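This is what each chain is made of:
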Amino acid sequence: MHPRLAADLARLPDLLDVTRRQATAFLDGLAERPVVQAVRAPEPVPLPASGAGLQSALQDFATRWEPGLSAGAGPRYLGFVTGGVTPAALAGDWLTAAVDQNPTSSLDAAGQQVEEEAIGWLRDLFGLSAGHQGTFVSGATMSNTVGLAIAREWLGEQLGVSPAEDGVGALGTVRVLSGSPHSSVVKGLSVLGLGRAALVPVPTLPDREAVDPAALERALREADGPCVVVANAGTVNTVDFDDLRAIAALRDRYGFWLHVDAAFGAFAALSPAHAHLVDGLDLADSLCVDLHKWLNVPYDSAVQFTRRRDLQARVFQNAAAYLGPLGDTPDPVHLTPENSRRLRALAAWFTLRAYGREGYLEIVERCVACAHTLGEAVGALDGLRLLAPVRLSVVCFTLADAPTAERLAALAGRLADEVFLTPTVYAGVPALRAAFSNWRTTEEDTRLVIRALERAVRELPEPSSR
């Protein structure tokens with residue numbers, strides 16, 4: 001064994017304690033850390049010939065790279081839809097690296113069995129029936145892509161072909177109907193060979209991102225052959241929800257595949273006041289839920305559910321002698337593009353075991369309350385304009401005067417030390433959005449964000465008269 005490796009192995013308990021102290025110091029400073037750092041990247045250094053051991057690497061990381069890291073795990077990182085990492089999820093993720101399991105084969109089954117239990121807990125959390133079988137994937141993009149891959153095979157089944165065997169060309173023209181699809185859906189269509197042009201935009205309800213069921217029915221009536229409908233349970237801009245029961249009723253008449261993107265909106269099922277938003281979620285043929293959002297587990301983690309695991313295995317089956325037969329209960333190696341991966345379920349298992357349904361209900365309802373507090377403040381603040389009602393956990397707003405992308409970027413820049421917001425365009429208007437999904441975020445954080453917004457709007461230069 002290389003002497004540096006041998007020395008680090010001999011000192012591993014002490015070195016892990018050093019790592020623990022360094023990680024704890026970072027986490028303890030999240031609330032005070034500038035949310036997005038404006039630090040120049042350090043100059044690259046050549047790969048060392050012999051290396052200096054783990055302790056030296058920890059020191060180098062702390063000196064050169066840690067100062068530039070954002071407070072992405074902190075309470076005021078409200079850009080994108082970003083959760084943090086609960087204490088239990090952190091412990092689970094540390095143990096994931098320590099046990100280093102590849103849970104894709106039943107020939108070494110313990111990791112796979114942990115995943116199955118975690119999937120069962122998640123199914124219960126979201127109110128899904130046993131007909132939905134789940135698989136861990138890396139994020140919402142992969143979850144949507146896997147769901148669309150199963151839908152692609154279903155289209156082939158309707159036409160008497162198998163795209164998995166015969167290629168996507170055997171399908172002919174494919175139509176994917178959606179009102180406000182997430183960009184990952186479009187990416188998935190490209191990756192799967194269906195093409196971005198397969199997406200058929202369907203009109204939404206007035207001043208909404210939710211699809212108009214009457215318009216969807218017209219589009220289905222005009223469709224030539226079987227198609228796919230992608231419904232939203234929580235859009236990114238305004239957390240708008242399609243009427244899932246109405247769409248499922250259309251499926252009974254027109255016979256399409258229903259994929260539901262519920263990346264973070266599925267968590268509305270936990271709240272008695274908001275569960276009606278996801279009424280009908282269980283009716284999906286395939287379903288996307290992102291876990292490194294509101295479950296607050298580390299990147300990367302999501303789950304993909306479907307009622308047609310047989311089609312899923314037909315797409316992703318992997319033939320190799322060392323894997324064994326496909327069988328009636330396919331191993332995860334036959335269910336996603338990955339042949340090997342980390343034991344993603346462990347962080348989810350730990351945090352669900354530690355905090356249960358009541359713990360996550362509290363996180364969801366606190367985040368929703370914070371979003372409503374910010375929305376009310378934006379609506380009352382001179383210089384800002386709320387663009388949509390706060391339906392769940394996202395506040396979408398813009399400048400009252402001259403809401404250009406440049407002025408909004410300047411506003412976000414003035415806020416960056418205290419809060420991180422991401423830009424968007426809603427109904428053709430450049431905007432900013434604040435997404436609440438971090439378990440650390442409190443009402444006091446929200447008040448701090450409001451004060452920062454008030455100050456930044458006052459200090460923003462007046463728009464040019466040109």
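Description of the structure in this document. Predicted model, so just to flag it, every value in this text is computed and none were measured.

All right, on to a nonpolar patch on the surface then. On the surface, a nonpolar cluster with roughly 630 Å² of combined accessible area is contributed by M1, L5, L9, L12, L16 and W94. Tracing the backbone through its elements, the reader meets L16 in helix α2 (residues 12-28).

On to the nonpolar core. Here is a general trend for soluble globular proteins: nonpolar side chains tend to be buried in one another's company. In terms of nonpolar packing, the biggest core is built from 88 residues, with V260 and L281 touching the most fellow members. It is helix α12 (residues 345-380) that provides the largest number of residues to this core, a total of 14 residues. Those residues in contact with L281 that sit more than four places away from it in its chain are F126, L128, H132, A233, L244, V260, A262, A266 and L287. Ranked by size, the runner-up nonpolar core spans 24 residues in total, among them I150, W154, L311 and V315.

Let us look at the pattern of salt bridges. Tallied over the entire structure, the rule returns 25 salt bridges. Measuring nitrogen to oxygen at the nearest pair gives 2.9 Å for the salt bridge that ties R308 to E157. With R308 in the loop between β7 (302-306) and α11 (309-316) and E157 in helix α6 (residues 140-159), the pair connects residues that are 151 residues apart, well separated along the chain. Under the relative-accessibility criterion, R308 is labelled partly exposed at 22%. Between R221 and E217 there is a salt bridge, with the nearest N and O atoms lying 3.7 Å from each other. Remark: E217 and R221 occur in helix α9 (residues 213-222); sequence separation between them is 4 residues, near one turn of the helix. Residue classification places R221 among the exposed positions, given a relative accessible area of 52%.

Time to look at the sheet that holds strand β4 (residues 228-232). Across the sheet, which stays open at both edges, the 7 strands sit in the order β1-β7-β6-β5-β4-β2-β3 with mixed pairing between neighbours. Strands at the two margins of the open sheet, each flanked by one partner only, are β1 (133-137) and β3 (199-201). Each neighbouring strand pair of the sheet contributes to a mean axis angle of 20°, computed without reference to strand direction. Looking at chain direction, β4 and strand β5 (residues 257-261) are connected through 5 bridges and run parallel. By the bridge assignment, N232 is partnered in β5 with D261.

Before going further, it helps to spend a moment on the pairing of strand β6 (residues 286-290). Most of β6 sits inside the fold, with 5 of its 5 residues counted as buried. Where burial is concerned, the two faces of β6 agree: the one with S286, C288 and D290 and the one with L287 and V289 are both buried. As judged from the 5 bridges shared by β6 and β7, these two strands associate in the antiparallel manner. Each residue of the ladder has a partner; that of L287, found in β7, is F305.

Applying the stated rule across the entire model yields 0 disulfides. With no disulfide of its own, C370 has C367 as its nearest cysteine by sulfur position, at a separation of 6.4 Å.

Okay, the sheet that holds strand β11 (residues 429-435) next. Spatially, 4 strands are ordered β8-β9-β11-β10 in an open sheet, and the strand pairing comes out antiparallel. Strands with a single pairing partner mark the edges of an open sheet, and in this sheet they are β8 (384-386) and β10 (422-426). Pairs of neighbouring strands in the sheet enclose a mean axial angle of 40°, with direction left out of account. Pairing of strand β9 (residues 394-399) with β11, which is carried by 4 bridges, proceeds in the antiparallel orientation.

Let's shift gears to the packing of α2 against helix α3 (residues 54-64). Where α2 contacts α3, the two axes come as close as 10 Å, and the packing angle between them is 10°. Here α2 is positioned roughly parallel relative to α3, judged by the angle of their axes. On α3, the residues that touch L15, V18, T19 and Q22 of α2 are L54, Q55, L58, F61 and A62.

Within the structure shown, the criterion is met by 7 aromatic pairs. Ring geometry for F267 against W294: centres 6.1 Å apart, planes inclined by 55°, an arrangement best described as tilted. With F267 in the loop between β5 and β6 and W294 in the loop between β6 and β7, this pair connects stretches of sequence that are 27 residues apart. An angle of 70° between the planes, with centres 5.3 Å apart, marks the rings of W349 and F350 as edge-to-face. On the basis of relative accessible area, W349 is assigned to the partly exposed category, the value being 21%. Take F350: its relative accessible area is 24%, and that puts it in the partly exposed class. Here a set of aromatic residues connected by ring pairs shows up, and it is made of Y77, F80 and F420.

What you see with β10 is a clean split: T422, T424 and Y426 sit on the buried side and P423 and V425 on the side with no burial. Across 5 bridges, the pairing between β10 and β11 is antiparallel. Within β11, the residue paired with P423 across the bridge is L432. Counting the residues in the hairpin turn of β10 and β11 gives 2 residues, including A427, whose phi is positive at 50°.

Let us now look at the side chain of S301. Here S301 lies in the loop between β6 and β7. For S301, a relative accessible area of 2% puts it in the buried group. For S301, the residues in contact, after removing those within four places along its chain, are F136, V137, S138, G139, D290, L291, H292 and R344.

The rules behind the values
- Residues numbered from 1 in each chain as written.
- Predicted model: local features only at pLDDT ≥ 70, side-chain atom pairs only at ≥ 80, totals over all residues.
- Heavy atoms only, no water.
- Patch = residues over 30% accessible without salt bridge, like charges linked within 9 Å, V, L, I, M, F, W, Y side chains within 5 Å.
- Areas by Shrake-Rupley, 256 points an atom, 1.4 Å probe, with all protein chains shown as cover.
- Salt bridge = Lys/Arg side-chain N within 4 Å of Asp/Glu carboxyl O.
- Helix = DSSP H or I, 4+ residues; strand = E, 2+ residues; numbered from the N terminus.
- Core = buried A, V, L, I, M, F, W, Y, C linked by side-chain atoms within 4.5 Å.
- Buried < 20%, exposed > 50% of the residue type's maximum accessible area, 1.4 Å probe, protein only.
- Contact = heavy atoms within 4.5 Å.
- Pairing = 2+ DSSP bridges.
- Axes fitted to C-alpha atoms, helices over the stretch in contact; angles between N-to-C directions.
- Disulfide = S-S within 2.5 Å.
- Parallel < 35°, antiparallel > 145°, perpendicular 65-115°, else oblique.
- Phe/Tyr/Trp six-rings, centres within 6.5 Å; stacked < 30°, edge-to-face > 60°.

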